[in-house]
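Spelled out from the first residue to the last, the chains are:
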Amino acid sequence: GAGLSGAFPPLFVMGMDPISLAWFQQAADGLVELGARGIVVQAANKSDWLDLQVRAQEAGIDLMLLQGDALAQGYGITTYPVVLIDPNRAGEGVHE
């Protein structure tokens, strides 16, 4: 169900590297259950990005493309894939 109005949805960050793509394939069901939205960084190739977007839409996952390293600067994220979960919900959902 939907979380409290103050809660932000879980967010995941991934690249277009083979590790991120393989992780996304395996994690997709769990990400849908969490209601997670995705941010893709480092999409060098537009057709790869479009392919990934189609796969995400088919799975029911929202993806956004973020160019540059704003995320690393803003959130200190330098490695991915990573899932960011509202601390209030940290007990729920997917664990490594």
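Just so we're clear, the structure is a prediction, and the values are computed from it rather than from any experiment.

*Asks:* Got a minute to help me understand unusual backbone geometry in this structure?
*Replies:* A negative phi angle characterises most non-glycine residues, just as the trans form characterises most peptide bonds. For the peptide bond that leads from Y80 to P81, omega is 5°, which places it in the cis range. Position of P81 relative to the elements: it lies in the loop between α3 (70–75) and β4 (82–84).

*Asks:* Honestly, the confidence of the model for the chain in this entry has me stumped. Any pointers?
*Replies:* Do not read the predicted coordinates in detail wherever pLDDT is low. Mean pLDDT over the chain works out to 81, with 79% of the residues at or above the 70 mark. Confidence, expressed as mean pLDDT per element, reaches its minimum in the chain at α3 with 72 and its maximum at helix α1 (residues 18–34) with 93.

*Asks:* I would appreciate a short explanation of the pairing of strand β2 (residues 37–41) in the present structure.
*Replies:* Residues in a regular strand point their side chains to alternate faces of the sheet. Counting buried residues along β2, 4 of its 5 residues qualify, which places the element largely inside the surrounding structure. Bridge analysis of strand β1 (residues 11–14) against β2 gives 4 bridges, and the strand direction is parallel. In the strand pairing of β2, M14 is matched with V40. Each parallel crossover has a hand, and the one from β1 via α1 to β2 is right-handed.

*Asks:* Would you explain the packing of aromatic side chains in this entry?
*Replies:* Applying the stated criterion across every chain, the model contains 2 aromatic pairs. Measuring from centroid to centroid gives 6.1 Å for F12 and F24, while their planes differ by 35°, and the two rings are tilted. Here F12, found in strand β1, pairs with F24, found in helix α1; they are 12 residues apart in sequence, far enough to count as distant. F12 sits in the buried class, given a relative accessible area of 0%. Members of the aromatic cluster, joined through ring pairs, are F12, W23 and F24.

*Asks:* When you look at the pattern of salt bridges in this model, what are you seeing that I'm missing?
*Replies:* Any two side chains of opposite charge can pair, given that their charged atoms come close. Enumeration over the complete set of coordinates arrives at 1 salt bridge. When the shortest N-O distance is used, the salt bridge between D62 and R37 registers 3.6 Å. Of the two residues, D62 is situated in the loop between α2 (46–59) and β3 (63–66) and R37 in strand β2; the sequence distance between them amounts to 25 residues. Residue D62 is classed as partly exposed on the basis of its relative accessible area of 45%.

*Asks:* What should I look at first to understand the sheet that holds β2 in this one?
*Replies:* Strand pairing in a sheet takes place through backbone hydrogen bonds and is either antiparallel or parallel in direction. Taken in spatial order, the 4 strands of this open sheet run β3-β2-β1-β4, and their pairing is mixed. Where the open sheet ends on each side, the last strands, each with one partner, are β3 and β4. On average, each strand axis in the sheet is tilted by 25° relative to the strand beside it, whichever way the strands run. The sheet contact formed by β1 and β4 spans 3 bridges and is antiparallel. The residue bridging F12 from the neighbouring strand is V83, located in β4. Where α1 meets the sheet, it contacts β1 and β4, and its direction lies at approximately 170° from that of β1. In this fold α2 packs onto β1, β2 and β3, with an angle of close to 155° to the strand it touches most, β3.

Conventions adopted
Here the residue numbering is sequential within each chain, running from 1 through the sequence in written order. Local features in this predicted model are restricted to residues whose pLDDT is 70 or higher, and side-chain atom pairs enter the listing and the counts only when it is 80 or higher, whereas totals over whole chains, interfaces and linings include all residues. Note that the side-chain values use all heavy atoms of the structure and ignore hydrogens as well as water. Each helix corresponds to a stretch of at least 4 residues labelled H or I by DSSP, and each strand to a stretch of at least 2 residues labelled E; elements are numbered beginning at the N terminus. Confidence of the predictor in every single residue is expressed as pLDDT, which spans 0 to 100. Relative accessibility thresholds used throughout: buried, under 20% of the residue-type maximum; exposed, over 50%; partly exposed, between the two (1.4 Å probe, protein chains only). When DSSP locates at least two bridges between a pair of strands, those strands are taken to pair. A crossover gets the label right-handed when its path from the first strand over the helix to the second runs clockwise, viewed with the strands pointing away from the viewer. In this scheme Phe, Tyr and Trp rings, the latter by its six-membered ring, pair at centre separations within 6.5 Å, and the angle between planes marks the pair as stacked below 30 degrees, edge-to-face above 60, and tilted otherwise. The salt bridge definition used is simple: a Lys or Arg side-chain nitrogen within 4 Å of an Asp or Glu carboxyl oxygen. Axis definition: a line fit to C-alpha positions, over the contact stretch in the case of helices; interaxial angles, taken between N-to-C directions, run 0 to 180 degrees. By definition, residues are in contact when any of their heavy atoms lie within 4.5 Å.

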